[in-house]
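Secondary and tertiary structure notes
Take a look at the letters that make up each chain.
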Amino acid sequence: MTDWQEKALRDLEGLSFSLNKPMAELTTFKIGGPIDLLAEPATVSELERVLDFCAAHKLPWMIIGAGSNLLVRDKGIRGAGIKLAGEFTEWAVNGTTVEAGAGVLLADLAKAVSERGLSGLEFACGIPGTVGGGVYMNAGAYGGEIADVVVKVQAVKEARGAVWFAKDELGLGYRLSRFQTESDLVITKVGFNLRPESAELTRARVDEFTRARAGKQPLEMPSAGSVFRRPEGYYVGPLIEAAGLKGFTIGGAQVSTKHAGFIVNTGGATARDVLSLIAHIQKVIKERNGVDLIPEIKVLGEE
Ligand SMILES: Cc1cc2nc3c(=O)[nH]c(=O)nc-3n(C[C@H](O)[C@H](O)[C@H](O)COP(=O)(O)OP(=O)(O)OC[C@H]3O[C@@H](n4cnc5c(N)ncnc54)[C@H](O)[C@@H]3O)c2cc1C
């Protein structure tokens, strides 16, 4: 145990946290070595305690949502991971306005509000991330994205407390938000504005998107969704499939036989397997089509 890990046992007493937690347990890829400290604050003041602790010990920290867009390297992450719990997993509806904690699962929220005949979040019913991760990535599907429905975001900054940002301050673009460059901001709460509609219609849309996804994506296998950003003028899946790479395997990492834009963990894949496979796909597609495939997933941690 390091010096600061011993101090964590004392200074973070009363808070939910663990040491050396395998990131494989916190990511949908089920890959990744241990993170030194995983803290699960339940309130803004607990979150501030964790941020103060990290500042006092000069520890790098990051927010871990549902880990559905992460590839963590095999030696894990030095520093702290913060997983929002407690009040951050609550949400409330007021008319057509929804306020959700950043730790709420986006798909659960999308389905629940659609059941009530509130339209706008149906596109997110199959996105396995949190509300915070959804804003961070400006997640989207089936022609919709977070930018269409978000109206404000509350974020906490070390030693500065909670601040609300209006939609036009969020820097939203294709899989882009200001939070990707301002990594000292923790998204804590998100306000959405939805449209009233017949619950029959919103429910039908959720069913349609759920069926479409299950038919096309390898949801039965661990993955981090689409590996690459969509390049101008192309769809990634067909591009990789046309190059004959569907099913191509390195170690435990495989180009999905169902959707070539996904890499799946067939069991025991290491981050090194996935990174080698990504590099191979990039090389083949560059040679064949002259296209640079840029990863959409976030790669973290030590080799
Ligand atoms: C099967 C599958 C299907 C998918 N389909 C889609 C899809 O259709 N569309 C799509 O856009 N994505 C899709 N994804 C990718 C992924 O679900 C999204 O990118 C999602 O928004 C990530 O959210 P998360 O909570 O899992 O974030 P994580 O993967 O945990 O983190 C991603 C980044 O967000 C940051 N972050 C998370 N929460 C916060 C916060 N509260 N404050 C500050 N930073 C934060 C993290 O630090 C990290 O840098 C899919 C993934 C899978 C596995």
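Reading guide: rules and limits
Residues numbered from 1 in each chain as written. Predicted model: local features only at pLDDT ≥ 70, side-chain atom pairs only at ≥ 80, totals over all residues. Helix = DSSP H or I, 4+ residues; strand = E, 2+ residues; numbered from the N terminus. Rg over C-alpha atoms; globule rule 2.2 N^0.38 Å. Contact = placed C-beta atoms within 7 Å. Buried ≥ 20, exposed ≤ 12 C-beta atoms within 10 Å, placed from the backbone. Pairing = 2+ DSSP bridges. Axes fitted to C-alpha atoms, helices over the stretch in contact; angles between N-to-C directions. Expected span 1.5 Å × (residues − 1). Arc of directions from axis to C-beta. Domains from an automatic or database assignment. Nonpolar A, V, L, I, M, F, W, Y, C, P; charged D, E, K, R; others polar. Near = placed C-beta within 6 Å. Parallel < 35°, antiparallel > 145°, perpendicular 65-115°, else oblique.

**Focus: the overall build of the protein**
Across its full length, the protein carries seven helices and 19 strands. Here the protein has a C-alpha radius of gyration of 20 Å; the compact-globule value for 303 residues is 19 Å, and the two agree. If you take every contact in the protein between residues at least 6 apart in sequence, the share linking residues at least 24 apart comes to 64%.

**Concerning unusual backbone geometry**
You will see that Lys58, though not glycine, has its phi angle at about 50°, which is positive. With respect to the helices and strands, Lys58 occurs in the loop between helix H2 (44-56) and strand S3 (61-63). Lys58 gets classed as exposed once you count the C-beta atoms within 10 Å, which come to 8.

**Topic: the sheet that holds strand S6 (residues 91-94)**
Strands in a sheet are paired, the pairing made by backbone hydrogen bonds, and the direction either parallel or antiparallel. Read across the sheet, five strands follow the order S6-S7-S13-S11-S12 without closing on themselves; strand pairing throughout is antiparallel. The strands lining the two open edges of the sheet, one partner per strand, are S6 and strand S12 (161-166). Each adjacent strand pair in this sheet contributes to an overall mean axis angle of 20°, direction not counted. As paired elements, strand S11 (residues 150-157) and strand S13 (residues 185-193) share seven bridges and run antiparallel to each other. For Val153, the partnering residue across the bridge sits in S13 and is Val190.

**Quick notes on the sheet that holds strand S15 (residues 223-226)**
If you trace the four strands from one edge of the open sheet to the other, you get S15-S18-S17-S16, paired in antiparallel fashion. The open sheet has two edge strands with one neighbour each: S15 and strand S16 (249-250). Here S16 runs beside strand S17 (residues 253-255); their pairing, made up of two bridges, is antiparallel. Bridge pairing in S17 links Ile250 to Ala253. Sheet strands in contact with helix H7 (residues 271-289) are S16, S17 and strand S18 (262-265), and its direction is about 30° off that of S17.

**Digging into helix H5 (residues 199-216)**
Between its terminal C-alpha atoms H5 stretches 26 Å, which fits the 26 Å expected from 18 residues at 1.5 Å a residue. Considered for burial, the residues of H5 that qualify are Thr202, Val206 and Phe209. Down the axis of H5, the smallest arc covering the buried residues is 70°, so these residues share one side. Away from the buried face of H5 by more than 90 degrees, exposed residues Glu200, Arg211, Ala214 and Gly215 are located. Among the structural elements, helix H3 (106-115) and strand S8 (118-119) are those in contact with the buried residues of H5.

**Observations concerning the domain arrangement of the protein**
Examined at the domain level, the protein breaks down into domain 1 (3-83), domain 2 (90-201) and domain 3 (218-300). Averaged C-alpha coordinates put domain 1 and domain 3 at centres separated by 28 Å. Contacts between the two partners involve 13 residues from domain 1, matched on the other side by 14 residues from domain 3. Tallying contributions element by element places strand S4 (residues 70-72) first for the side of domain 1 that touches domain 3, with three residues. When its residues are assigned to classes, the side of domain 1 that touches domain 3 shows six nonpolar, four polar and three charged.

**Overview of the site of the ligand**
Inspection of the region around the ligand gives 33 residues, with Gly65, Gly129, Gly132, Gly133 and Gly225 positioned closest. A total of five residues in the shell around the ligand trace back to one element, the largest contributor, which is helix H4 (residues 131-137). In the shell around the ligand, the residues fall into 18 nonpolar, 14 polar and one charged.

**Structural notes on the packing of H3 against H5**
The N-to-C vectors of H3 and H5 enclose an angle of 150°; their axes lie 8 Å apart at closest approach. Taken together, the axis directions place H3 and H5 in an arrangement best described as roughly antiparallel. Counting all contacts with H3, which are made through Lys111, Ser114 and Glu115, the residues of H5 involved are Ala199, Thr202, Arg203 and Val206. Residue composition of the contact of H3 with H5, by class: two nonpolar, two polar and three charged.

**Some remarks on the pairing of S6**
Alignment of S6 against strand S7 (residues 97-101), held across four bridges, turns out to be antiparallel. Bridge pairing links Ala92 to Glu99 in S7. Following S6, the chain reverses through two residues before pairing antiparallel with S7; Gly95 in that reversal takes a positive phi of roughly 65°.

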